[in-house]
Amino acid sequence: MNHLQNNSIILLVKKNLSLIVAALPLLTFVIVAQIDLNLAKNITEIAKQFALNRLGGIWLWMVISVFLVAIGLAISPIGSIKLGGEKSNPSLSIFEWCSVLICTLLAGGGVFWSAAEPLIHFLTPATYFSQYEGNTKSAIDQAFAVSFLHWGFLAWALVGSTIAITFSLLSQKGFSLRPRSLLIPLSSEKFSNGLIGDLADGLCVVAAIAGTVGPLGFLSLQLSNAAGRLTWVSDSLFLQVGIVIGLTIIFSISTVSGIQRGIKLLSKLNIWLTIILAVSLILLGPTFWILKHFVSSMGLYLKSFPMMSLPDQNDSWVQGWTIFYWGWFLGYAPLMGLFTAGISKGRSIRELVIVVAIACPLITNLWFMILGGNGIYLELDNPGLITSEFNAGGSAAVFFAILNNLPLSKLLIFVGLLLIILFMSTSADSISYAAAIVLSGEEVPPKKQRLFWAILIGLLTISLLRIGADSSGQTSIDALQSFIILTAIPVTPILLTTLYTAPLLAYKAYKNNLKKIKTTKDS
């Protein structure tokens, strides 16, 4: 009986190994954080420094390589290849497709940093823009150029181009939409379905969950800061935890509802609210100033693109900003690529690259210009108006400080609150859904698995907020950032493979199409 029980346990472990690999480190971290916060903090800090020092150069070259390979595929004849097969048709309209992509890939982090990051670079320019004096008019364009670098072409290409193309073309061959499938072109199906495949699936889920925990934590800080402006509410860890619990309930319901109902509905609502807020900010703010500096900032961004893309990897500023971002988005990439592949069937490689690596980044840059531009304009017009809020409440305070100093501020703040909640919900529900796909091996995963990952995201966020809390109850973003970087380390080799496999699979698919066309003509 004991022998049979042991065999049953071994078989159960083998069957669910990828689930164990994904869940065990995350659950262990939650438990350690409850027992010893200092130990959990030290683990994340050590891993963060290791990644920044040892992998920074690799990440810089990898990100620019992914972008160039994607653009190369799009402009070549290979770009005509339709993802999902020549007979497949899109399941989402162009607007719905772009809405889901923007809400999922941009995520809540884009809302959090769109207000704060341009202001930070405006006050303290990047080391390679040291010729500009901070907090002066000359520092405006460089502040946005750096923000465009971090949230523009390179970032979007990393999470949704070569990896999505590889997933789509492998799916056409009958392979499952799981990270382990990325290994097949370099090895064999048998190898990828073994221990290495289980590790690949599990570690990619860990990294994606960590990447989602960061924005959820960032936005809980933002919401808590907004609520803390009320006389009867205190911006504290207790309030932040309550906000995370509320958000977790919302995106848990959405992910259980599925893509066609919950996720698509939230994404469309999210996009319309973003458009309403963006148009309002352009009309209520310095319209021509924003448009003028968007053009000039884009010009500086494109002119300085090579230098900014491959800066000195040992520069502490580069490590703290650019390399951190690439580590964050790298962790997201496998599951975001998987999700992108799933909703992009019927689109050509060219369409995917144009939308993901060019159109969506330009929309993101415009969003940063509109929100961040209002902040910098207000600060130049009335020195200390925004920076006083920033100095008192950190990056989380900037978003609502900007809205609070514009006409119709109460209405703008209400729309901003809704936007933050919806952006985080669409990001977290998509990741929960994608994690369940990977670990169940099913395109429509069990609802229990979707719910499990949604709840775990919430628990991890609460743990990291507790790690970052100081004696006054305020929470920093350091713990969130460290945890994100830690989990991106093992994903690096998996994404590197797509620099070879995406062109290889696309070329083979293109040659097969040519043979079919020739056969049809001959017959």
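Since we're looking at a predicted model, the values are computed, not measured.

1. Observations regarding the overall build of the protein chain
In terms of helices and strands, the protein chain carries 23 helices and zero strands. Burial status across the protein chain gives 59% buried among its 523 residues. For the protein chain, restricting intrachain contacts to residue pairs at least 6 apart in sequence, the fraction spanning at least 24 positions comes to 82%. Total accessible area on the protein chain is roughly 20600 Å²; 65% of this is exposed by carbon and sulfur atoms.

2. Quick notes on helix α16 (residues 349-381)
Taking 1.5 Å as the rise per residue, α16 with 33 residues should run 48 Å; its terminal C-alpha atoms sit 46 Å apart, in good agreement. Maximal helix bending in α16 amounts to about 35°, located at V355.

3. Digging into the confidence of the model for the protein chain
Taken residue by residue, the protein chain gives an average pLDDT of 83. The fraction at 70 or more is 86%. Within the model, pLDDT remains below 50 along residues 4-13, and this stretch shows one contact once partners closer than five positions in the same chain are excluded. Scored below 50 in pLDDT, residues 470-476 shows twelve contacts in the model against residues more than four places distant or in partner chains.

4. Focus on the packing of aromatic side chains
For the structure shown, the criterion picks out 27 aromatic pairs. An angle of 20° between the planes, with centres 5.7 Å apart, marks the rings of Y325 and F329 as stacked. Within this pair, Y325 and its partner F329 are both found in helix α15 (residues 316-343), separated by four residues, close to a single helical turn. Taking the relative accessible area as the measure of exposure, Y325 reaches 1% and is therefore buried. On the basis of relative accessible area, F329 is assigned to the buried category, the value being 5%.

5. Let's talk about the packing of helix α6 (residues 140-151) against α15
Between α6 and α15, the least distance of the axes is 10 Å, while the angle of their chain directions is 30°. In terms of their interaxial angle, α6 and α15 are classed as roughly parallel. Where α6 abuts α15, its residues V146, L149, H150 and W151 lie against W317, W321, T322, Y325, W326, W328 and F329. Tallied by class, the residues present in the contact of α6 with α15 amount to nine nonpolar, two polar and no charged.

6. Structural notes on the environment of S114
As for its placement among the helices and strands, S114 is situated in helix α5 (residues 94-123). In the structure, S114 is positioned 30 residues away from F144 in sequence and 9.9 Å away in space, judged by C-alpha atoms. Those residues in contact with S114 that lie beyond four places of it in its chain are W367, F368, L371 and G372. Here the side chain of S114 touches W367 through a polar contact of 3.1 Å, side chain to side chain.

7. Quick notes on α6
One turn of an α-helix holds 3.6 residues; hence residues three or four places apart share an orientation. With twelve residues, α6 extends 17 Å between its outermost C-alpha atoms, agreeing within 8% with the 16 Å of an ideal straight helix rising 1.5 Å per residue. In terms of burial, α6 is a largely internal element, twelve of the twelve residues being buried. Listing the buried residues of α6 in full gives I140, D141, Q142, A143, F144, A145, V146, S147, F148, L149, H150 and W151.

8. Quick word on the pattern of salt bridges
All chains considered together, the criterion is met by three salt bridges. Here D201 and R178 are joined by a salt bridge, their closest N and O atoms 3.4 Å apart. With D201 in helix α10 (residues 195-227) and R178 in the loop between α8 (162-172) and α9 (189-192), this pair connects stretches of sequence that are 23 residues apart. Overall, D201 belongs to the buried group, its relative accessible area being 0%. Judged by its relative accessible area of 15%, R178 is buried.

9. Quick word on the side chain of S344
Along the chain, S344 turns up in the loop between α15 and α16. The class of S344 is buried, set by a relative accessible area of 0%. Only 2.5 Å separates the side chain of S344 from the backbone oxygen of T340, close enough to count as a polar contact. For S344, the contacting residues outside a window of four places in its chain are L83, W97 and L352.

10. Comments concerning the environment of T248
The topology assignment puts T248 in helix α11 (residues 237-257). When residues no more than four places from it in sequence are discounted, the contact partners of T248 are A454, I455 and G458.

Definitions and limits used
- Residues numbered from 1 in each chain as written.
- Predicted model: local features only at pLDDT ≥ 70, side-chain atom pairs only at ≥ 80, totals over all residues.
- Heavy atoms only, no water.
- Helix = DSSP H or I, 4+ residues; strand = E, 2+ residues; numbered from the N terminus.
- Buried < 20%, exposed > 50% of the residue type's maximum accessible area, 1.4 Å probe, protein only.
- Contact = heavy atoms within 4.5 Å.
- Areas by Shrake-Rupley, 256 points an atom, 1.4 Å probe, with all protein chains shown as cover.
- Expected span 1.5 Å × (residues − 1).
- Bend = angle between axes of the 7 residues up to and from the residue.
- pLDDT = per-residue confidence, 0-100.
- Phe/Tyr/Trp six-rings, centres within 6.5 Å; stacked < 30°, edge-to-face > 60°.
- Axes fitted to C-alpha atoms, helices over the stretch in contact; angles between N-to-C directions.
- Parallel < 35°, antiparallel > 145°, perpendicular 65-115°, else oblique.
- Nonpolar A, V, L, I, M, F, W, Y, C, P; charged D, E, K, R; others polar.
- Polar contact = N/O pair within 3.5 Å; in protein donor to acceptor, adjacent residues only side chain to side chain.
- Salt bridge = Lys/Arg side-chain N within 4 Å of Asp/Glu carboxyl O.

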